[in-house]
2 protein chains.
Amino acid sequence: METVLPMTSGSGLEGLLAHFSAMPPAAAMGIGIDHYDGDGLCLTAPLSLHVNDKGCAFGGSLASLMTLAGWGLVTLRAETVGVESDVFVASSQLDYLAPLYADLRAQARLEPGADWTRFSDRLRERGRASIHLQVEVALPEGGIATRGRARYVAIARR
Amino acid sequence: METVLPMTSGSGLEGLLAHFSAMPPAAAMGIGIDHYDGDGLCLTAPLSLHVNDKGCAFGGSLASLMTLAGWGLVTLRAETVGVESDVFVASSQLDYLAPLYADLRAQARLEPGADWTRFSDRLRERGRASIHLQVEVALPEGGIATRGRARYVAIARR
């Protein structure tokens, strides 16, 4: 939990971590930010907090961390539009391909064919925009533990 | 957490609760069993542990509880086959239809067209079987908060 900061109302990565630490289910997950480069966000969480009865990562924890990685990426991008908005996950499809016996690292990025410019324009003009992301948890030895896609909606606050 | 029992190696609903309390991510969720009737399993969790930045249930928590409801149902059915097995979630598709401002209640049941007899026969004969479930979180005022389907695999222990 070394990167989880006290709650602030800030924006950017500090604001994101403040959001996580203020949300009970996210605060319990031990989330860290591995990297963010504008197009992708990678979150981490220790296996010890997410281990199942078989000694590997619990599917629900993988789903939670992947949901938060996507939510965080859309939240960070929505901030750059300059419209105060709430971000919701609308749908998700996940495939659990292989068990993960290591710390969790969930990477969210834009789905091929999706477009941040269109997302930003719609949010600014209509007060509502949606975007499809790819989310992935890699195996440390190479290959994929869990892969999926999710749709998020940003709605301007009234 | 009133229905979370100390860890035992038991089977049935007590064994299921023992599994949850022995799994760190599930133990943190405050899970209770609402009902189980052989064909459906309904799990509960308090909103206070699963609330997001908008005051409603976090999508990842909904995904986790739904994953566990399905996992629990398949685990209970696999026990009746008499083959010691591990149960994994293989895939899931979830639609988040409306925000939930109340405690979480996730119901898992067999998907229409799926068949417990076929599942049991395969697990007994091949040591491996999969099954599709429907999972749903209802709104207390009527209607659906989150709906989905998931595939689970049971694999006999060697």
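Computed from a prediction, not measured in an experiment: that's the story for all the values here.

Some remarks on the nonpolar core
And then number 1: In terms of nonpolar packing, the biggest core is built from 99 residues, with Leu68 of chain A together with Leu68 of chain B touching the most fellow members.
And then number 2: Once you skip the residues sitting within four places of it in the chain, Leu68 of chain A turns out to touch Phe20, Met23, Ala26, Met29, Ile31 and Leu43 of chain A together with Phe58 of chain B.

Concerning the packing of aromatic side chains
And then number 1: With the rule as written, the count across this model stands at four aromatic pairs over all chains.
And then number 2: A centroid spacing of 6.1 Å and a plane angle of 45 degrees characterise the contact between Phe20 of chain A and Trp71 of chain A, whose relative ring orientation is tilted. Of the two residues, Phe20 of chain A is situated in helix α1 (residues 12-22) and Trp71 of chain A in helix α3 (residues 59-81); the sequence distance between them amounts to 51 residues. There is no split in this pair, since Phe20 of chain A and Trp71 of chain A are both buried.
And then number 3: Its guanidinium or amino end placed over the ring of Phe88 of chain A, Lys54 of chain B lies 4.9 Å from that ring's centre, counting from NZ or CZ.

Digging into the sheet that holds strand β4 (residues 104-110) of chain B
The strands that make up a sheet are held in pairs by hydrogen bonds between backbone atoms, and each pair lies either parallel or antiparallel.
And then number 1: If you walk across this open sheet you meet the 12 strands as β1(A)-β2(A)-β4(A)-β5(A)-β6(A)-β3(A)-β3(B)-β6(B)-β5(B)-β4(B)-β2(B)-β1(B), and the pairing is antiparallel. Edge positions in the sheet fall to β1 (32-36) of chain A together with β1 (32-36) of chain B, since each of these pairs with one other strand and no more. Geometrically, the sheet is characterised by an average inter-axis angle of 25 degrees between neighbouring strands, direction not taken into account.
And then number 2: With 11 bridges connecting them, strand β5 (residues 128-138) of chain A and strand β6 (residues 144-156) of chain A associate as antiparallel partners. Within β6 of chain A, the residue paired with Val135 of chain A across the bridge is Gly148 of chain A.
And then number 3: In the packing of α3 of chain A onto the sheet, the strands contacted are β1, β2 (40-45), β3 (85-96), β4 (104-110), β5 and β6 of chain A together with β3 (85-96) of chain B, and the crossing angle to β4 of chain A comes to about 40 degrees.

A closer look at the pairing of strand β2 (residues 40-45) of chain B
Residue and element names in this part refer to chain B.
And then number 1: Burial of β2 is extensive: five of the six residues sit out of reach of the surface.
And then number 2: When β1 meets β2, the two strands line up antiparallel, connected through four bridges. Each bridged residue has a counterpart across the sheet, and for Tyr36 the counterpart in β2 is Leu41.
And then number 3: Once β1 ends, the chain turns through three residues before running back antiparallel as β2, passing Gly38 with a positive phi of about 95 degrees.
And then number 4: In this sheet, β4 lies alongside β2 in antiparallel orientation, the contact comprising six bridges.

Here we look at the pattern of salt bridges
And then number 1: As enumerated under the stated definition, the model contains 14 salt bridges over all chains in all.
And then number 2: Where Arg149 of chain B meets Glu111 of chain B, a salt bridge forms, and the shortest distance between an N and an O atom there is 2.5 Å. One end of the pair, Arg149 of chain B, is in strand β6 (residues 144-156); the other, Glu111 of chain B, is in the loop between β4 and α4 (116-126), with 38 residues separating them in the sequence.
And then number 3: The exposure class of Arg149 of chain B is partly exposed, given its relative accessible area of 31%.
And then number 4: Take Glu111 of chain B: its relative accessible area is 16%, and that puts it in the buried class.
And then number 5: Each of Glu84, Asp86 and Arg157 of chain A takes part in salt bridges that share partners, so that together they form one network.

Thoughts on the side chain of Ser85 of chain A
All names here are of chain A.
And then number 1: As for its position among the elements, Ser85 is in strand β3.
And then number 2: Take Ser85: its relative accessible area is 13%, and that puts it in the buried class.
And then number 3: The residues contacting Ser85, other than those within four sequence positions of it, are Ala78, Leu123, Ala154, Ile155, Ala156 and Arg157.

Criteria and thresholds
Residues numbered from 1 in each chain as written. Chains lettered and ligands numbered in written order. Predicted model: local features only at pLDDT ≥ 70, side-chain atom pairs only at ≥ 80, totals over all residues. Heavy atoms only, no water. Core = buried A, V, L, I, M, F, W, Y, C linked by side-chain atoms within 4.5 Å. Buried < 20%, exposed > 50% of the residue type's maximum accessible area, 1.4 Å probe, protein only. Contact = heavy atoms within 4.5 Å. Phe/Tyr/Trp six-rings, centres within 6.5 Å; stacked < 30°, edge-to-face > 60°. Helix = DSSP H or I, 4+ residues; strand = E, 2+ residues; numbered from the N terminus. Lys NZ or Arg CZ within 6 Å of the ring centre and 35° of its normal. Pairing = 2+ DSSP bridges. Axes fitted to C-alpha atoms, helices over the stretch in contact; angles between N-to-C directions. Salt bridge = Lys/Arg side-chain N within 4 Å of Asp/Glu carboxyl O.

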